[in-house]
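# An overview of the molecular structure
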Amino acid sequence: MSTVPDDDNDDLLYPTPSTAEWQARFVDAVLATPGVNVPRGALEAIAPFVVNPKTLIARSSTSDQPQLRPSAYRPVSTDAGKMIVAVVPMAGWAGVPWERNERQSTAWSSAADPGAQDAQWLLPPLSPWTSEAGDAGAALRVTVPTFQRMVEILDRAGNELELREGRRGYDLVEDLALNGQIEPCLHVAQQYCLQEPNAVGDQRTEYWAWPAVRGNNRTRARHQLLEISPAEVLVGISSSKIGRGGSDIYTNPTFWLRELSKLWNRRLQAAIESEDFDAPAYRARRVAVVETHLVIGSPTPERLYHVVQTSNRRDHAHPPLDFTPNDRARSLGRTILSAYVARGILDPATADVLTGDRPVTELPGVAADATVSVLRDARSMRLLQELFPTDASEQDKARRRILRTVLSEPPPSQLTRNNVNQRLRAWSALTSVSYPEPWNPRVADILPVNSARSGIELSGRSLGDLLESAPEDAAAFDELLYYRAPHWLAAFDIVDADRGSMGAQNIRRDSQDADDEVVYKRLRRSVDNAIRAMRADPVRAVGLLREIAAAMDEGRAPRRIDDDGEPEEYEDEAGTYGRADQPWFDFTFPKVAAARGPIALPAMANAPLPETDSQAVERLLRELNQVIESLQEGVKLVPELAAEARVHARAAGIACPLPDAEADRLVATLARITADMRELPEVIIALSRNER
């Protein structure tokens, strides 16, 4: 027999469930603990996975009923409220990833999208759990139409996390195999309620899951090592998986976990004896048992969703693991809104609409018969005002203080381009929740730094009024152009965020082929330039904005606009009209010459007086600062884009996404840039020298 490594011991063996008696004692003890109000059914569902529950229970000095030991639970406070968390050893198979994890926010359609009723991946409705008697408990409830849909949601939650794994600087599965799970996961009870039972097999209509609020990636990676899916954890596993052959499904977790643990213990012993250290049972031994935190109580169970989400959102403001740009920006915006609610600045119902958890129709002041475009606009403009408050009222001043605290910003007078972009991207990303597909939140990076320093004050006019008045009203036109157009254009893929020479997506009309069909070539263009081009052709720009609003209301793509600002009545052989797309836009609104300085907000639309030399110095230094900050942002974007390309390459089965020749060219370009930048510090230092 081979020698077992020194760090292998009995504690690493796969645990079998405790007896039914001890499971019941554990459930009773938890429920007898002060402050606990988690539903009994939720505890009964997780009890088979709790390792050696007798060590967690003790008799209280004030009660004959056994309770959790003081060391086995603790209170936790967040900005949204308080909760009680049990600290328990758990079999590694326990838990499931959460579909509401914010790292995969963009993978799901939201109730805040008024046009998402028929979306394929609409998040199921979530509500606080209540008993049949109407008593609230520390749990969540999700309603899904069928058993199959529940399984699809569980699997998609895990798959979407895996697609985003490329943004990590190391292999999490290998890390768990080598070092075990160091950080515990936080799990909350969530009941899936089926509107109709499964057609065959399991006829239950209620399933208790314990999704991970914190540690979704660790839960997914642990399951990968243990060769189990989230759906199997919740609904049961096949007889073949426990070595019994056949295709029967065992739904009793006490039974299948006992058989599965016995099987894996045998496999572990065989792997040690044969020195097969790549065997799954050997590799997963360090996550056979993991410390787990379970939410078992809250004095405000009706706010539990926000309490558990807020416990995770501080990490999202300064994340140790990068999100995709849209997911991170959404999470950051939700962190700000949660802080407003915690300090009484924003009511919870409105916050739920703005975060995307409730329908837009529940936003205060929205008409019952409002169209899709009006609903989306009302939510976006409310978000804009929440994230860019003025100092006109005490509440707005409080918002400015909260923003600075949450985002770790400098004083308003010292805000930089990066600070403003962070807020703009949160606004843009949360706005995209109300649309079928997310866009790159960098499309909003066109507003000046002063939009954060002084705040943004909207006219308060309705969308219909702005669209109607825009041809003759410059202020209405500018408000549409700067606060609506970037998002509307991005929503229909007419523009996208300019990523410079690495990913510019600009197109121009080049020639016509033999059949008089327009031929287009790609060239560089920014969203800022697109907005400037629209401003130069207000008749057509207003016509396009009106058409996009109509397209949203009617659930179709926008049509092209003629010189008079009217939709083109064009149909091809298939009977389809000419779509307003990026090639058409770049030809119709040609790229304008670069202009110095930021674009003007509506309130600053009038032409300025000629500047003095002193004013020119101030302006140029501001522009210099912006250029340097954009360079810094561009450098940070290189690894972000590379990681994103790798994720999609893996999903497409592309082993090497960048050819050697192209890699050599890009490396040479970076080397030239680095060489040029060596001279820049001296250029800046020279400006600080006295030349008199």
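About the thresholds
- Residues numbered from 1 in each chain as written.
- Predicted model: local features only at pLDDT ≥ 70, side-chain atom pairs only at ≥ 80, totals over all residues.
- Heavy atoms only, no water.
- Helix = DSSP H or I, 4+ residues; strand = E, 2+ residues; numbered from the N terminus.
- Buried < 20%, exposed > 50% of the residue type's maximum accessible area, 1.4 Å probe, protein only.
- Contact = heavy atoms within 4.5 Å.
- Areas by Shrake-Rupley, 256 points an atom, 1.4 Å probe, with all protein chains shown as cover.
- Phe/Tyr/Trp six-rings, centres within 6.5 Å; stacked < 30°, edge-to-face > 60°.
- Lys NZ or Arg CZ within 6 Å of the ring centre and 35° of its normal.
- Pairing = 2+ DSSP bridges.
- Axes fitted to C-alpha atoms, helices over the stretch in contact; angles between N-to-C directions.
- Salt bridge = Lys/Arg side-chain N within 4 Å of Asp/Glu carboxyl O.
- Parallel < 35°, antiparallel > 145°, perpendicular 65-115°, else oblique.
- Nonpolar A, V, L, I, M, F, W, Y, C, P; charged D, E, K, R; others polar.
- pLDDT = per-residue confidence, 0-100.
- Core = buried A, V, L, I, M, F, W, Y, C linked by side-chain atoms within 4.5 Å.

As a further point, take the overall build of the protein chain. Helix and strand content of the protein chain: 24 helices and 15 strands. Among the 692 residues that make up the protein chain, the fraction classed as buried is 50%. Taking the intrachain contacts of the protein chain between residues at least 6 apart in sequence as the baseline, contacts between residues at least 24 apart amount to 69%. On the protein chain, roughly 32,900 Å² of surface is accessible, and the fraction owed to carbon and sulfur atoms is 50%.

The subject of this paragraph is the packing of aromatic side chains. Evaluated as defined, the whole model comprises 13 aromatic pairs. Measuring from centroid to centroid gives 4.8 Å for phenylalanine 277 and tyrosine 282, while their planes differ by 40°, and the two rings are tilted. When its relative accessible area of 35% is taken as the criterion, phenylalanine 277 is described as partly exposed. An aromatic cluster of three or more residues is present, and its members are Tyr14, Trp93 and Trp264. Cation over ring: arginine 376 sits above tyrosine 435, and NZ or CZ is 4.5 Å from the ring centre. A cation sits over an aromatic face here: arginine 423 above phenylalanine 388, 5.6 Å from the ring centre.

Here we come to the sheet that holds strand β13 (residues 289-297). Within the open sheet, the five strands sit side by side as β3-β4-β13-β7-β10. Their pairing is mixed. The open sheet has two edge strands, β3 (73-78) and β10 (212-214), and neither has a second partner. Direction aside, neighbouring strands of the sheet carry axes that sit 40° apart on average. Across two bridges, strand β7 (residues 185-187) lies against β10 in antiparallel orientation. The residue bridging histidine 187 from the neighbouring strand is alanine 212, located in β10.

Whenever strands of a sheet pair, they do so through backbone hydrogen bonds, lying parallel or antiparallel. Taken in spatial order, the four strands line up as β5-β6-β8-β9 in an open sheet, and their pairing is mixed. If you trace the sheet from one side to the other, it starts and ends with β5 (126-130) and β9 (206-209), each paired once. Ignoring which end each strand starts from, the neighbouring axes of this sheet average 35° apart. As judged from the five bridges shared by strand β6 (residues 136-144) and strand β8 (residues 190-194), these two strands associate in the parallel manner. Within the sheet, the bridge partner assigned to threonine 143 lies in β8 and is cysteine 193. Running over the sheet, helix α3 (residues 147-163) touches β6, β8 and β9 and is turned about 145° from β8.

As a further point, take the pattern of salt bridges. Applying the stated criterion across every chain, the model contains 30 salt bridges. Of the charged contacts in the structure, one is a salt bridge between arginine 556 and glutamate 554, with a shortest N-O distance of 2.7 Å. Arginine 556 gets classed as buried once you look at its relative accessible area, which sits at 19%. Connected via shared salt-bridge partners are Arg382, Glu386, Asp396 and Arg399.

Where helix α12 (residues 372-387) meets helix α20 (residues 538-554), the closest approach of the two axes is 7 Å, and the angle between their N-to-C directions is 110°. Taken together, the axes of α12 and α20 are roughly perpendicular relative to one another. Side by side, α12 and α20 meet where Val372, Ser373 and Arg376 of the first sit next to Ala549, Met552 and Asp553 of the second. Classifying every residue of the contact of α12 with α20 gives three nonpolar, one polar and two charged.

Take the confidence of the model for the protein chain next. Per-residue pLDDT for the protein chain has a mean of 85; in total, 86% of the residues score no lower than 70. For residues 499-523, every residue scores under 50 in pLDDT, and the model assigns this stretch 50 contacts once sequence neighbours within four places are set aside.

What follows deals with the nonpolar core. Counting 91 residues, the largest nonpolar core has Phe49 and Met150 as the members making the most contacts within it. Looking at which element gives the most residues to this core, the answer is helix α7 (residues 253-273), with eight residues. Residues Leu424, Ala497, Ala533 and Leu544 belong to the second largest nonpolar core, which totals 80 residues.

On to unusual backbone geometry. Note on backbone geometry: most residues besides glycine have negative phi, and most peptide bonds are trans. In this structure, glutamate 275 takes a positive phi of about 55° despite not being glycine. Topologically, glutamate 275 is positioned in the loop between α7 and α8 (280-283).

Along the chain, the position of alanine 32 falls in helix α1 (residues 20-32). With 36 residues separating them along the chain, alanine 32 and leucine 68 place their C-alpha atoms 8.0 Å apart.

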